[in-house]
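# Structural features, examined
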Amino acid sequence: MSPHTPVFRTPVFIEIALHYWTTPGDHPMVQAGTHRMYEEIAEFMVQAGMLTKSEKLGVLYESTEALGVYIGALCEVPLPVQRWVIPTVTHET
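Along each chain, the written sequence defines residue order, and numbers are assigned to residues from 1. Given that the model is predicted, a residue must reach a pLDDT of at least 70 before its local features are reported, and side-chain atom pairs must reach 80 or more before they are shown or counted; all residues, however, enter totals for whole chains, interfaces and linings. Excluding hydrogens and water, the side-chain values take into account all heavy atoms of the structure.

### Considerations on the packing of aromatic side chains
Ring pairs are drawn from Phe, Tyr and Trp, using the six-membered ring of Trp, whenever the two centres fall within 6.5 Å, and their geometry is named by plane angle: stacked under 30 degrees, edge-to-face over 60, tilted for the rest. Taken as a whole, this structure holds three aromatic pairs when the rule is applied. Ring centres 6.1 Å apart and planes at 75° place the aromatic pair Phe13 and Phe44 in the edge-to-face group. Residue Phe13 is found in helix α1 (residues 11-22), and its partner Phe44 is found in helix α3 (residues 36-47); the two are separated by 31 residues along the sequence. Only protein chains enter the accessibility calculation, which uses a 1.4 Å probe; a residue whose area is less than 20% of its type maximum is buried, one above 50% is exposed, and one in between is partly exposed. Judged by relative accessible area, Phe13 falls into the buried class, the value being 1%. Strands here mean DSSP runs of E at least two residues long; helices mean DSSP runs of H or I at least four residues long; both are numbered from the N terminus.

### Quick notes on the nonpolar core
We call a set of buried Ala, Val, Leu, Ile, Met, Phe, Trp, Tyr and Cys residues a nonpolar core when their side-chain atoms join them within 4.5 Å. With 15 residues, the main nonpolar core has Ile16, Tyr20, Met45, Leu51 and Leu67 as its most contacted residues. Within the residue set of this core, elements represented by two or more residues are α1, α3 and α4 (65-75). For this core, the element with the highest residue contribution is α1, accounting for five residues. Setting aside anything within four residues of it in sequence, one finds Tyr20 in contact with Gly25, Asp26, His27, Val30, Leu51, Tyr61, Ser63 and Leu67. Note on contacts: a residue pair is in contact if any heavy atoms of the two residues lie within 4.5 Å.

### A closer look at the pattern of salt bridges
Here, a salt bridge means any side-chain nitrogen of Lys or Arg that lies within 4 Å of a carboxyl oxygen of Asp or Glu. Counted under the stated rule, the structure contains four salt bridges. Notably, a salt bridge pairs Arg36 with Glu40, separated by 3.5 Å at the nearest N-O pair. Note that Arg36 and Glu40 are positioned in helix α3 at a spacing of four residues, about one turn of the helix. A residue is classified by how much of its surface remains accessible, and Glu40, at 44% relative accessible area, is partly exposed. We note a salt bridge from Lys56 to Glu62, for which the minimum N-O separation is 3.2 Å. Classification of Lys56 as exposed rests on a relative accessible area of 52%.

### Quick word on α1
Three- or four-residue spacings in an α-helix give side chains the same orientation, since the helix completes a turn every 3.6 residues. For α1, spanning 12 residues, the distance from its first C-alpha to its last is 16 Å, which sits close to the expected 16 Å at 1.5 Å a residue. For α1, the set of buried residues is Val12, Phe13, Ile16, Ala17, His19 and Tyr20. The buried residues of α1 occupy one face: seen down the axis, they fall within an arc of 160°. Along α1, the residues that are exposed and aim more than 90 degrees away from the buried face are Pro11 and Thr22. Residues of α1 that are buried sit in contact with α2 (28-32), α3, β1 (51-53), β2 (61-63) and α4. What a helix is expected to span follows from its residue count: subtract one and scale by 1.5 Å. An arc is given here, and it is the one of the directions from the helix axis to the C-beta atoms.

On their own, these measurements won't tell you what the molecule is for.
Pasting the structure below:
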């Protein structure tokens with residue numbers, strides 16, 4: 001990952017977002033507290049309104065409606081398709 005890549009454009013961000021949308025409880029890497037990047041992404045998601053700090057015992061974060069909107073947008077992205085083309089043929093004279 002480039003240091004200039006916005007955090008929300010990384011596969012790890014999508015992984016964390018999908019976890020919190022589909023699974024009760026914290027992402028294992030966030031909960032472990034040993035992977036700073038995961039914690040920073042979770043905090044970014046709190047600032048963006050996608051997660052809230054949980055009041056439940058043993059749970060750090062919970063998803064919000066904004067996270068659901070983001071996941072919905074991800075689900076609308078079409079799969080890539082292959083496009084077949086005929087290469088240009090040049091004839092030498």
